[in-house]
Amino acid sequence: MEMQQANGESHGSHSRETGDGMAQRERWGAMAFHPTRIPVPRFSGVDKQRFLHELYPLRKPAVLTDLDLGACKTQWSLDYMSRRGGERQVKIHVSELPQMDFIQKNFLYRSLPFNVFVQRAAENKHRDFFISEDIADIATQFPELAADIQIPEFFQKDQFFSSVFRISSPGLQLWTHYDVMDNLLIQVTGKKRVVLYSPRDAPYLYLSGDKSEVLDVDKPDLAKYPLFSQARRYECTLHAGDVLFIPALWFHNTVAEEFGVGVNVFWKHLTPEFYDRTDTYGNKDLTAASRATQILDRALKTLDELPEEYKDFYARKMVLRVQAKAYSANYE
Ligand SMILES: O=C(O)CCC(=O)C(=O)O
């Protein structure tokens with residue numbers, strides 16, 4: 001029901017712009033935005049048993065504190081990272097503005113030696129962001145550094161997908177997106193704010209693929225994205241040593257409040273056949289979801305053959321059928 005109302009209303013008000021509609025949009029644009037912030041709960045010293053039996057089944061984000069992450073917390077200074085990481089080339093996002101924008105593409109992919117990158121990322125005047133690799137695994141790419149970090153063993157070895165360094169300049173903002181795998185975001189040094197939205201709130205996020213077009217979640221353009229104010233905002237601040245569990249499909253965006261080093265660990269919580277074998281970042285939709293999307297694209301093209309009145313009628317009937325058949329009743 002929600003999806004139909006959401007899309008119907010927003011398209012209606014955008015396509016049939018009246019004087020009233022424009023005034024309304026201006027009012028929305030001018031309105032201050034003070035969303036309710038739902039704190040992500042924090043749990044201290046969670047062990048594997050508690051994680052798997054109490055927290056994991058809830059499929060909700062949780063900040064895990066006071067875990068034993070190994071020597072990384074005290075060791076990973078700038079000099080140590082540069083020395084131990086060496087001169088291997090790494091791919092990075094480089095942008096002049098801290099708020100990276102995937103619509104305007106205000107960033108470039110570049111390669112730098114790891115030691116140069118780490119030093120530059122720590123400087124305010126440079127804007128060199130996190131490392132992005134082909135399927136990344138810090139254990140094989142940076143064994144000297146990986147030896148310092150003890151990744152919480154909350155999943156079986158064969159579920160492991162990737163581990164990625166997140167080295168962020170102060171102020172770096174990463175857009176709201178979802179991943180299809182479960183994820184632990186381990187904040188080793190520095191401070192990061194994370195805002196999350198439930199998969200259930202997808203209708204309010206103006207999605208383009210796996211990303212939300214609403215780049216500024218603090219001051220959204222409500223004239224352009226009026227439904228965004230309905231998205232429930234979960235929020236936490238990660239301090240050195242905190243670990244955030246981000247369940248698959250939960251939208252998240254990050255702001256580095258200080259220069260910081262983190263490590264992401266992605267793992268498959270479903271059996272391997274669900275996942276796309278060509279996925280390198282853990283964000284390609286499950287194969288059955290991609291097939292269903294292609295079939296929908298074909299259905300939409302077929303509906304285009306109809307006159308508008310009929311297309312609208314059958315489209316609404318189809319939406320009702322999708323809701324009745326595919327929406328979960330068991331989902332908050
Ligand atoms: O740490 C970051 O800045 C980004 C983390 C992220 O996107 C993720 O955990 O999937």
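Going by the structure above, here's the rest.
Since this is a predicted model, take the numbers as computed values, not measurements.

**Details of the sheet that holds strand E2 (residues 42-44)**
Strand-to-strand pairing in sheets goes through backbone hydrogen bonds, with the strands running parallel or antiparallel. On the basis of which strands lie adjacent, the open sheet formed by six strands has the order E2-E3-E14-E9-E16-E7 and mixed pairing. Lying at the two open borders of the sheet, with one neighbouring strand each, are E2 and strand E7 (160-168). The average undirected angle you get between the axes of adjacent strands in this sheet is 20 degrees. Summarising the sheet, E7 and strand E16 (residues 260-267) pair through eight bridges and their orientation is antiparallel. Within E16, the position partnered with Arg166 by the bridge is Gly262.

**Describing the site of the ligand**
The environment of the ligand is formed by eleven residues, the closest being Arg166, Leu174, Leu185, Thr254 and Asn264. Put simply, the parts of the chain that give the shell around the ligand at least two residues each are E7, strand E9 (182-189) and E16. Split by residue class, the shell around the ligand holds four nonpolar, five polar and two charged.

**A look at the nonpolar core**
Core analysis: the biggest nonpolar cluster contains 69 residues, and Ile186, Val188, Leu196, Leu244 and Val263 have the highest contact counts within it. Of all the elements, E16 adds the most residues to this core, at five residues. Dropping the residues within four chain positions of it, Val263 is found in contact with Ile138, Ile149, Ser163, Val164, Phe165, Arg166, Ile186 and Val188.

Scoring rules and cut-offs
- Residues numbered from 1 in each chain as written.
- Predicted model: local features only at pLDDT ≥ 70, side-chain atom pairs only at ≥ 80, totals over all residues.
- Pairing = 2+ DSSP bridges.
- Helix = DSSP H or I, 4+ residues; strand = E, 2+ residues; numbered from the N terminus.
- Axes fitted to C-alpha atoms, helices over the stretch in contact; angles between N-to-C directions.
- Near = placed C-beta within 6 Å.
- Nonpolar A, V, L, I, M, F, W, Y, C, P; charged D, E, K, R; others polar.
- Core = buried A, V, L, I, M, F, W, Y, C linked by C-beta atoms within 7 Å.
- Buried ≥ 20, exposed ≤ 12 C-beta atoms within 10 Å, placed from the backbone.
- Contact = placed C-beta atoms within 7 Å.

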